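What follows is the residue order along each chain.
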Amino acid sequence: MIAASGTFGYGVEFAELVDLNRLGGLVVKGLSREPMEGAPPPRLCETPGGMLNAIGLQNIGVRAFVAETLPKLCRLLHVGADGFATAVVANVFGYRVEDYVEVIRVLEDAEGLTAYELNISCPNTNRGGLEYGTDPVATGEVVSAARRAAVHRPLWVKLSPNVTDITVIARAAEQAGADALTVANTWVGMAVDIETRRSRLARLTGGLSGPAIKPLNLRLVYQVAQAVRVPVLGVGGIQKPEDVVEYLLVGAHAVQVGTAHFVDPRASVQLVKGLENLCFRRSINRIRDLRGSLLPKSVD
Ligand SMILES: Cc1cc2nc3c(=O)[nH]c(=O)nc-3n(C[C@H](O)[C@H](O)[C@H](O)COP(=O)(O)O)c2cc1C
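Each value, and the rule that gives it
- Residues numbered from 1 in each chain as written.
- Predicted model: local features only at pLDDT ≥ 70, side-chain atom pairs only at ≥ 80, totals over all residues.
- Helix = DSSP H or I, 4+ residues; strand = E, 2+ residues; numbered from the N terminus.
- Rg over C-alpha atoms; globule rule 2.2 N^0.38 Å.
- Buried ≥ 20, exposed ≤ 12 C-beta atoms within 10 Å, placed from the backbone.
- Near = placed C-beta within 6 Å.
- Nonpolar A, V, L, I, M, F, W, Y, C, P; charged D, E, K, R; others polar.
- Pairing = 2+ DSSP bridges.
- Right-handed = clockwise from strand over helix to strand, strands pointing away.
- Expected span 1.5 Å × (residues − 1).
- Arc of directions from axis to C-beta.
- Contact = placed C-beta atoms within 7 Å.
- Axes fitted to C-alpha atoms, helices over the stretch in contact; angles between N-to-C directions.
- Parallel < 35°, antiparallel > 145°, perpendicular 65-115°, else oblique.

**Student:** A description of the overall build of the protein should follow, citing residues and the corresponding values.
**Tutor:** What the protein contains, in helices and strands, is nine helices and 14 strands. The C-alpha radius of gyration of the protein comes to 18 Å, within 12% of the 19 Å expected for a compact globule of 300 residues. Its C-alpha atoms give the protein principal-axis dimensions of roughly 50 × 50 × 45 Å. Considering the protein as a whole, with its 300 residues, one finds that 47% of them fall into the buried category.

Take a look at the structure:
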């Protein structure tokens, strides 16, 4: 179980509430070259079965993360009896290819990270972000450049659902060197207050997340898992252990949990226990026996 970017802070904020060592991993809030204040409020609003956010990638900047926050986080984590430690994944964001490369360059010198997750799919910025994740050529450019910069660690690429055919972007990312694909980010949406006749978000549109998008993202994972050979991380609307199983059956290697933390900050840790119980009840001995069993059988 991996906590999804932007929904679990930098991990340290949750340490008093949950045992971070119970998680398979956590992806920190998207990091940019310079600190960012993000969008003006209101930045969140509840919608049926989900929520819209337009945070605007508020973050402390990659240098403060490396100098202050990452060392704190590392002190909270330890190798468990099973020989594994919670993986810390840095979500990387930029407006231009050079920004992504610079963020990775700074992270390369840091200790305690397991992988990078390239956010080429945030719907909440006025430039950059979304374009990369919606165009296969731009995806190839930014992923290739990030791949060259990321000498020390695996590179995950987080795809946008806001495209006509996600498999085209998924293949472009894989060919450019992605080691895994995260499927997917939030769906662009709106909510209107009929009293004020204005958007319920200062930035007009936002990203829809939560249970409302689970059927949509499940289908994307199903498509991407057949289109590429690299592992797929499923994310979108997971609340219950059964949701995790659904993602595994359509081909996800692992899952991330996001909006559920807004309901209960312990959500991802509780899902670990819930999944163990579900497997026990159903005599599932190995998670990998579930993986992709809904996919059409490959002929090679
Ligand atoms: C408030 C909020 C902030 C987010 N910030 C980021 C971010 O910085 N980088 C990123 O790649 N995804 C970000 N996401 C997207 C989530 O990581 C996840 O892909 C999405 O919310 C779908 O999963 P969920 O339905 O479980 O929340 C954010 C989502 C929310 C709700």
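Next, the rest of the story.
**Student:** How would you summarise the site of the ligand if you had to cite specific residues and measurements?
**Tutor:** Taken together, 25 residues sit near the ligand, with G6, G30, S209, G258 and T259 positioned nearest. Here the shell around the ligand is composed, by residue class, of eight nonpolar, 15 polar and two charged.

**Student:** Outline the pairing of strand 12 (residues 206–209), listing residues and values.
**Tutor:** Note: strand 4 (residues 50–53) against strand 12, three bridges, orientation antiparallel. Each residue of the ladder has a partner; that of N53, found in strand 12, is G207. Relative to strand 12, strand 9 (residues 187–189) is paired through three bridges, and the arrangement is antiparallel. In the strand pairing of strand 12, W187 is matched with L208.

**Student:** Describe in detail the pairing of strand 8 (residues 180–183), supporting the description with residues and values.
**Tutor:** Residue alternation in strand 8 divides its side chains into two sets, A180 and T182 and L181 and V183, and both sets are buried. Relative to strand 8, strand 7 (residues 155–158) runs parallel, the two being bridged by three bridges. Residue pairing for strand 8: W156 is matched across the bridge by A180. Crossover handedness for the path strand 7 to helix 5 (residues 166–175) to strand 8: right-handed.

**Student:** Pulling in residues and values, what's your account of helix 2 (residues 97–108)?
**Tutor:** Between its first and last C-alpha atoms helix 2 spans 17 Å; for twelve residues at 1.5 Å apiece the expected length is 16 Å, and the two agree. Buried residues of helix 2: Y100, V103, I104 and L107, and no others. The arc that holds every buried residue of helix 2, seen down its axis, measures 95°, which confines them to one face. Of the surrounding secondary structure, the elements contacted by the buried residues of helix 2 are helix 1 (62–76), strand 5 (87–92), strand 6 (115–119) and helix 4 (136–149).

**Student:** Tell me about unusual backbone geometry, residues and numbers included.
**Tutor:** Along the chain, P41 connects to P42 via a cis peptide bond; the corresponding omega equals -5°. Here P42 is to be found in the loop between strand 2 (25–27) and strand 3 (44–47). Cis geometry is found at the peptide bond from V183 to A184, where omega equals 10°. Of note, A184 is situated in the loop between strand 8 and strand 9. A positive phi angle, near 60°, is found at R197, a position not held by glycine.

**Student:** Could you give an account of the packing of helix 7 (residues 241–249) against helix 9 (residues 267–281), naming the residues involved and the relevant values?
**Tutor:** Close contact between helix 7 and helix 9 brings their axes to 8 Å; oriented N to C, the two are set at 75°. With respect to their mutual orientation, helix 7 and helix 9 come out roughly perpendicular. Contacts from P241, V244 and V245 of helix 7 reach helix 9 at L271, G274, L275 and L278. Across the contact of helix 7 with helix 9, the residue classes tally to six nonpolar, one polar and no charged.

**Student:** Report on the sheet that holds strand 6, specifying residues and quantitative values.
**Tutor:** Within the closed barrel, the eight strands sit side by side as 1-2-5-6-7-8-13-14. Their pairing is parallel. Helix 2 contacts strand 5 and strand 6 of the sheet and is inclined by roughly 150° relative to strand 5.

**Student:** Give me the lowdown on the environment of A252, citing residues and values where you can.
**Tutor:** On the secondary structure map, A252 appears in the loop between helix 7 and strand 14 (254–257). Of the residues examined, A252 has 28 C-beta atoms within 10 Å and is grouped as buried. Expressed as a C-alpha distance, the spacing of A252 and R282, which sit 30 residues apart in the sequence, is 20 Å. Leave out the neighbours within four places in its chain, and A252 touches V221, V232, L233, G234 and Y247.

**Student:** So, the environment of P154: which residues are in play, and what are the values?
**Tutor:** Take P154: it is sitting in the loop between helix 4 and strand 7. Residue P154 is classed as partly exposed on the basis of its C-beta count, with 16 C-beta atoms lying within 10 Å. Considered as a pair, P154 and Y116 are 38 residues apart in the sequence and their alpha carbons are 6.4 Å apart. If we ignore the near neighbours within four places in the chain, the residues touching P154 are A115, D179 and A180.

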